[in-house]
Every structure is written in C-alpha cells, then in structure tokens.
Amino acid sequence: MANIDYQSLHASTAAVDPLLTGKEAAPILGMSYPTFLRKVREGMIPKPLKLGALSRWPQSEILSVIEKAKAARTAA
C-alpha cells in the first residue's frame, strides 16, 4: 500500500476551487433554489459541472456572476 502524506495532500487541495451544490450556491446569490435553476436554464448562471449524476458549480463561477452583475450595474 502506498504511503500517503495527508498533510501535503490537504495543503495542495486547499487552493482548489470548491464545488457547490445548487442548494449551496443559491443563497450566495440571494435567491431560492428554484429561481437558481431557472437562471441556469436562462443562461444567467453557468451550467454545472457534471460528475456522474451530480451537478456542481465551482464557487469561483458563482462569485463571477456577482461580479458581472456589479459591473453591469456600474456600466448602466
């Protein structure tokens, strides 16, 4: 069996972009889960990464939605 250095593994994964479920991402955007899914269908929120049957959104993409909305607000 391989000898795994779990401290190094944790340190290297700490910088990885966390993957969120839709139910975790929706409150970050201040909306309900059904509204979140509708915004995904409408293209306002990026489509999820599919991991088998699981759908996950990188946290950076959810935060990017906020930044784009802020930029559009100041440009208008």
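Residues numbered from 1 in each chain as written. Predicted model: local features only at pLDDT ≥ 70, side-chain atom pairs only at ≥ 80, totals over all residues. Heavy atoms only, no water.

Student: What should I look at first to understand the nonpolar core in this one?
Tutor: When a protein is soluble and globular, its nonpolar side chains tend to lie buried together. Formed by Leu 20, Ala 25, Ala 26, Leu 29, Met 31, Phe 36, Val 40, Ile 45, Trp 57, Ile 62 and Val 65, the largest nonpolar core amounts to eleven residues. For this core, the secondary-structure elements that each account for two or more residues are helix 2 (22–28), helix 3 (33–42) and helix 4 (59–75). Setting aside anything within four residues of it in sequence, one finds Phe 36 in contact with Gly 22, Ala 25, Ala 26, Leu 29, Met 31, Ile 45, Trp 57 and Ile 62. (Core = buried A, V, L, I, M, F, W, Y, C linked by side-chain atoms within 4.5 Å. Buried < 20%, exposed > 50% of the residue type's maximum accessible area, 1.4 Å probe, protein only. Helix = DSSP H or I, 4+ residues; strand = E, 2+ residues; numbered from the N terminus. Contact = heavy atoms within 4.5 Å.)

Student: Sorry, what's going on with the pairing of strand 3 (residues 54–58) here?
Tutor: In the case of a regular strand, side chains alternate between the two sheet surfaces. For strand 1 (residues 19–20) and strand 3, the ladder comprises two bridges, and the chain directions are antiparallel. Residue pairing for strand 3: Leu 19 is matched across the bridge by Pro 58. Relative to strand 3, strand 2 (residues 49–51) is paired through three bridges, and the arrangement is antiparallel. Bridge pairing links Leu 49 to Arg 56 in strand 3. Taken together, strand 2 and the strand that follows it, strand 3, pair antiparallel across an intervening segment of two residues, in which Gly 52 is found at a positive phi of about 65°. (Pairing = 2+ DSSP bridges.)

Student: Is there a simple way to explain the sheet that holds strand 1 in this structure?
Tutor: Sheet strands pair by backbone hydrogen bonding; their relative direction is either parallel or antiparallel. With antiparallel pairing, three strands are arranged side by side in an open sheet as 1-3-2. The outermost strands of the open sheet, each flanked by one partner alone, are strand 1 and strand 2. Taken strand by strand, helix 4 contacts strand 1 and strand 3, and its axis lies near 55° from that of strand 3. (Axes fitted to C-alpha atoms, helices over the stretch in contact; angles between N-to-C directions.)

Student: Got a minute to help me understand the pattern of salt bridges in this structure?
Tutor: Oppositely charged side chains can form a pair if their charged atoms are brought close together. Evaluated as defined, the whole model comprises three salt bridges. Residues Glu 42 and Lys 39 are paired through a salt bridge, measuring 3.9 Å at the closest nitrogen-oxygen approach. Placement of both Glu 42 and Lys 39 in helix 3 is noted, with a separation of three residues, approximately one turn of the helix. Close ionic contact of Glu 67 with Lys 70 constitutes a salt bridge, the shortest N to O distance being 3.4 Å. One end of the pair, Glu 67, and the other, Lys 70, are both in helix 4, three residues apart, so they sit about a helical turn from each other. Using a relative accessible area of 46% as the deciding quantity, one classes Glu 67 as partly exposed. When salt bridges with common partners are traced through the structure, they connect Arg 38, Lys 39 and Glu 42 into a single cluster. (Salt bridge = Lys/Arg side-chain N within 4 Å of Asp/Glu carboxyl O.)

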